Amino acid sequence: METKNTSPVILKKMPRRIPTDGTFELTVRCNLHCKMCLFRHDDSENKEIISHELTAEQWIDLAKQAAESGTVSLLITGGEPLLRPDFCEIWEGIYKQGFIITLYTNATLVTPKIMETLRRYPPHKIGVTIYGASSETYKKVCGNHSAFQKALDGMHMLQTLPSIMEFRTTIIKDNYSDVDNIEKLIHYEFGENCKLIQTRIVTKAVRGACADVESCRLEPEDNVHLAFRRGINIIKKYVGDAYNEQYLSAEYRDCSVDSTSAPSATLFGCNAGMNSYTISWDGKLLACQMMGNFAVNTLTKGFRNAWEHFPYLVKLPSVNETCLTCNNSKICNCCYASRYAETGDLGGCPDYVCRDTAIISQLLNKRRS
């Protein structure tokens with residue numbers, strides 16, 4: 001579990017910022033209707049969204065500008081990026097700029113044409129989302145019974161590429177009982193060494209997205225116990241009979257903030273806006289895909305000017321006093337993005353994250369005693 005100090009260090013002079021890690025959000029549209037999606041808008045908005053999505057030419061031009069400005073790693077995502085009819089044109093044009101490139105997809109829209117493009121220009125890594133181990137679970141989570149088999153078929157095609165394959169999942173009430181089956185399915189279909197990454201904290205939808213996440217996400221107690229169980233199983237896999245529950249406590253201690261180390265200057269307490277950024281589907285430069293509070297239009301300013309201008313937009317409130325004095329702050333997953341998503345206030349104190357963190361603290365203290 002990764003935790004970071006979420007209080008930015010305020011300096012009179014902004015240190016050098018280099019946009020090394022980028023995300024291009026080709027669309028917020030998706031062919032699935034996942035109940036917990038942070039970004040998908042209602043289908044009734046699709047016509048309006050399409051009219052404002054960047055063209056292939058604009059995406060390729062932005063990629064050139066980003067490369068010239070220092071971007072090394074680039075994530076292509078959505079929504080569902082393969083939903084774009086010009087995906088192959090966009091991918092080829094961006095790929096030729098020389099990035100270490102990653103593709104995120106739900107794998108249900110993989111076609112021979114797309115595979116031909118990806119074989120010629122293979123991603124360094126592919127992150128595939130999987131939401132269940134059966135058609136029934138996909139129907140409950142994504143609203144599409146046939147998406148399960150389409151996803152499996154797409155994953156098998158993508159696995160033929162010389163790319164690192166990474167499986168990602170989000171567990172909610174509708175697929176909670178399927179979590180072990182998802183992992184078994186991945187190992188059976190794609191190999192024992194395949195990695196499954198589970199989203200830890202599922203926040204409310206952001207940037208005008210339509211999902212009612214509160215109604216479907218796990219209660220913090222179930223969420224934490226699931227994460228601990230998976231963590232223990234992973235540790236046991238590697239250490240076998242030498243397993244000791246103190247390993248899990250050590251993992252959390254090792255990643256906590258070291259108060260003796262020199263603080264680093266940031267805008268938001270992480271790399272967002274310092275080394276990493278997102279270009280939204282309509283061409284706005286954001287520090288983080290989750291947070292649209294501060295944005296610069298790259299189409300009018302150009303990438304470099306947008307990047308240089310961005311810090312002057314950032315105005316942050318003081319972090320809630322409750323958070324600053326909390327005994328659990330070193331293991332807390334809270335950040336400005338999750339504060340805003342949960343409370344509508346960048347300085348808010350999100351109850352869901354607080355409960356999650358308190359349960360983690362109780363479990364760690366129980367294991368240490």
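For clarity, every value in this text was computed on a predicted model and none was experimentally measured.

## Let's talk about the sheet that holds strand β8 (residues 284-286)
Taken in spatial order, the 9 strands line up as β6-β5-β4-β3-β2-β1-β7-β8-β9 in an open sheet, and their pairing is mixed. Both outer strands of the open sheet, β6 (195-198) and β9 (296-297), are each paired with one neighbouring strand and no more. Strand direction decides the pairing type here: strand β2 (residues 73-77) and strand β3 (residues 100-105), joined by 4 bridges, are parallel. Paired with Ile 76 across the two strands is Leu 103, which belongs to β3. Packing against the sheet, helix α3 (residues 87-95) makes contact with β1 (21-25), β2 and β3, and its axis sits at approximately 160° to β3.

## Quick word on the packing of aromatic side chains
Within the structure shown, the criterion is met by 12 aromatic pairs. With a centroid separation of 5.0 Å and an interplanar angle of 35°, the aromatic rings of Phe 24 and Trp 59 are classed as tilted. Note that Phe 24 is positioned in strand β1 and Trp 59 in helix α2 (residues 56-68), a separation of 35 residues in sequence. Like Trp 59, Phe 24 is buried.

## Brief notes about the environment of Leu 152
Position of Leu 152 among the secondary structure elements: in helix α6 (residues 147-158). Using a relative accessible area of 7% as the deciding quantity, one classes Leu 152 as buried. For the pair Leu 152 and Phe 190, spaced 38 residues apart in sequence, the C-alpha to C-alpha distance is 9.9 Å. Setting aside chain neighbours within four positions, we find Leu 152 in contact with Leu 185, Glu 189 and Phe 190.

## Observations regarding the packing of α2 against α3
Two elements in contact, α2 and α3, have axes separated by 9 Å at closest approach and are oriented at 15°. As summarised for this structure, α2 and α3 are arranged roughly parallel, according to the angle between their axes. When you trace α2 past α3, the crossing you get is right-handed. Every residue of α3 that contacts α2 at Ala 56, Trp 59, Ile 60 and Ala 63 is listed here: Glu 89, Ile 90, Gly 93 and Ile 94. Residue classes in the contact of α2 with α3 are distributed as 6 nonpolar, 1 polar and 1 charged.

## Let's talk about the environment of Ala 211
Inspection of the secondary structure assignment puts Ala 211 in the loop between β6 and α8 (220-239). For Ala 211 and Lys 35, which are 176 residues apart along the polypeptide, the C-alpha to C-alpha distance reads 5.8 Å. Leaving out residues up to four positions away in the same chain, Ala 211 has contacts with Lys 35, Met 36, Cys 37 and Ala 205.

## Topic: the pattern of salt bridges
The full count for this structure, using the stated rule, is 18 salt bridges. Here Asp 43 makes a salt bridge to Arg 40, at a shortest N to O gap of 3.8 Å. Residue classification places Asp 43 among the partly exposed positions, given a relative accessible area of 36%. When its relative accessible area of 9% is taken as the criterion, Arg 40 is described as buried. Arg 355 serves as the salt-bridge partner of Asp 351, at 3.7 Å between the closest nitrogen and oxygen. Highlighted residues: Asp 351 and Arg 355, both in helix α14 (residues 351-368), separated by 4 residues, approximately one helical turn. Overlapping salt bridges, with partners in common, bring together Arg 29, Glu 53, Arg 84 and Asp 86 in one network.

Rules used in this analysis
Throughout this description, residue numbers start from 1 for each chain and increase along the sequence as written. With pLDDT at 70 or above as the cut-off, local features in this predicted model cover only qualifying residues; side-chain atom pairs require 80 or more to be listed or tallied, and sums for whole chains, interfaces and linings still use all residues. Side-chain numbers come from the whole structure's heavy atoms, not from hydrogens or water. Two strands make a pair as long as DSSP finds a minimum of two bridges between them. Secondary structure follows DSSP: runs of H or I at least 4 residues long count as helices, runs of E at least 2 residues long count as strands, and numbering of each begins at the N terminus. Whether two residues are in contact is decided by their heavy atoms, any of which lying within 4.5 Å being enough. Every axis in this analysis is a line fitted to C-alpha atoms, fitted for helices over the stretch in contact. Angles between the N-to-C directions lie between 0 and 180 degrees. Centres within 6.5 Å make a pair out of two Phe, Tyr or Trp rings, where for Trp the six-membered ring is used; the pair is then stacked when the planes are under 30 degrees apart, edge-to-face when over 60, and tilted otherwise. Exposure classes here rest on a 1.4 Å probe applied to the protein chains alone. A residue is buried below 20% of its type maximum, exposed above 50%, and partly exposed in between. An angle below 35 degrees is read as roughly parallel, one above 145 as roughly antiparallel, one from 65 to 115 as roughly perpendicular, and any other as oblique. Working rule for handedness: look at the near helix, and if it is turned counterclockwise from the far one by less than a right angle, call the crossing left-handed; if clockwise, right-handed. Under the convention adopted here, Pro, Cys and the residues Ala, Val, Leu, Ile, Met, Phe, Trp and Tyr are nonpolar, Asp, Glu, Lys and Arg are charged, and Gly plus all remaining residues are polar. Each salt bridge in this description consists of a side-chain nitrogen of Lys or Arg and a carboxyl oxygen of Asp or Glu lying within 4 Å of one another.

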